[in-house]
Amino acid sequence: MKRILVAVALLGAVSSTAIGQAGDALLATRPGLELGLQAAYYQYEESGFMKLSGSRGGITGAYTFTNAQRAFSRIDIRGSYGRLKFQGVSGTSTNIPDLIVETRAVAGMDFPVSEHVWLSPFAGFGFRYLYDDL
């Protein structure tokens, strides 16, 4: 329950700037740098055969570019690491290194639909690297 309350409080703090925006120009994509931390619990299971689980931690970063013609592009990267536990028919193993690195690049354009609604379609590509020393 505490985790849920903390998550709601964090989302409220982050979204309060979006709620306070006025004017349609502020609805367009804005340039800027974003940095953050992430925490997750990973679990993969094949019923009756094996289970892989554990906590992960990582970092995220992104930068958004914009221009006067309402076009935008964004580059982001995230990485997380954990030491997982394997339980299976062949035995149990702990502290298994597990690394995920993801990067993505997108480009798009902002289109005003009405006074309070904008569409921002985008297309891009991404890459994910997974290292699991199982």
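In this structure, the second largest pocket spans a volume of roughly 240 Å³. Counting residues per element, the ones that place at least two in the lining of the second largest pocket are strand S1 (32-46), strand S2 (50-66), strand S3 (71-88), strand S4 (91-109) and strand S7 (122-132). For the lining of the second largest pocket, the element with the most residues is S1, which contributes 5 residues. Here the residues of the lining of the second largest pocket sort into 7 nonpolar, 5 polar and 6 charged.

On to the nonpolar core. Core analysis: the largest hydrophobic core is formed by 5 residues, namely Met-50, Leu-52, Leu-84, Phe-86 and Ile-96. If you list the elements that add at least two residues to this core, you get S2 and S3. In this structure Leu-84 touches Tyr-42, Leu-52, Ser-53, Gly-54, Ser-55, Arg-56, Ser-93, Thr-94, Asn-95, Ile-96 and Asp-98, once residues within four positions along its chain are discounted.

We now examine the sheet that holds S4. Pairing is antiparallel in the open sheet, where 5 strands are placed in the order S1-S2-S3-S4-S7. Either end of the sheet is taken by a strand with one partner, and the two such strands are S1 and S7. Taken over all neighbouring pairs, the strand axes of this sheet differ in orientation by 15 degrees on average, direction set aside. Judged from the 15 bridges that link them, S2 and S3 form a sheet pairing that is antiparallel. Each bridged residue has a counterpart across the sheet, and for Ile-59 the counterpart in S3 is Gly-79.

Within this structure, the stated rule accounts for 1 aromatic pair. Summarising the aromatic geometry, the rings of Tyr-63 and Phe-65 are spaced 4.7 Å apart at their centres and angled 65 degrees between planes, so their arrangement reads as edge-to-face. Its end group placed over the ring of Tyr-42, Arg-56 keeps NZ or CZ at 6.0 Å from the ring centre.

Of all residues except glycine, most have a negative phi; of all peptide bonds, most are trans. Of note, the phi angle at Arg-70 is positive, near 70 degrees, even though the residue is not glycine. As for its position among the elements, Arg-70 is in the loop between S2 and S3. A relative accessible area of 39% places Arg-70 in the partly exposed class.

Conventions adopted
Residues numbered from 1 in each chain as written. Predicted model: local features only at pLDDT ≥ 70, side-chain atom pairs only at ≥ 80, totals over all residues. Heavy atoms only, no water. 1 Å grid on protein atoms, 1.4 Å probe; cavity = no way out; pocket = protein on both sides within 12 Å on 5 of 7 lines; lining within 4 Å. Points joined across faces, edges and corners; volume = space filled by probe spheres on them. Helix = DSSP H or I, 4+ residues; strand = E, 2+ residues; numbered from the N terminus. Nonpolar A, V, L, I, M, F, W, Y, C, P; charged D, E, K, R; others polar. Core = buried A, V, L, I, M, F, W, Y, C linked by side-chain atoms within 4.5 Å. Buried < 20%, exposed > 50% of the residue type's maximum accessible area, 1.4 Å probe, protein only. Contact = heavy atoms within 4.5 Å. Pairing = 2+ DSSP bridges. Axes fitted to C-alpha atoms, helices over the stretch in contact; angles between N-to-C directions. Phe/Tyr/Trp six-rings, centres within 6.5 Å; stacked < 30°, edge-to-face > 60°. Lys NZ or Arg CZ within 6 Å of the ring centre and 35° of its normal.

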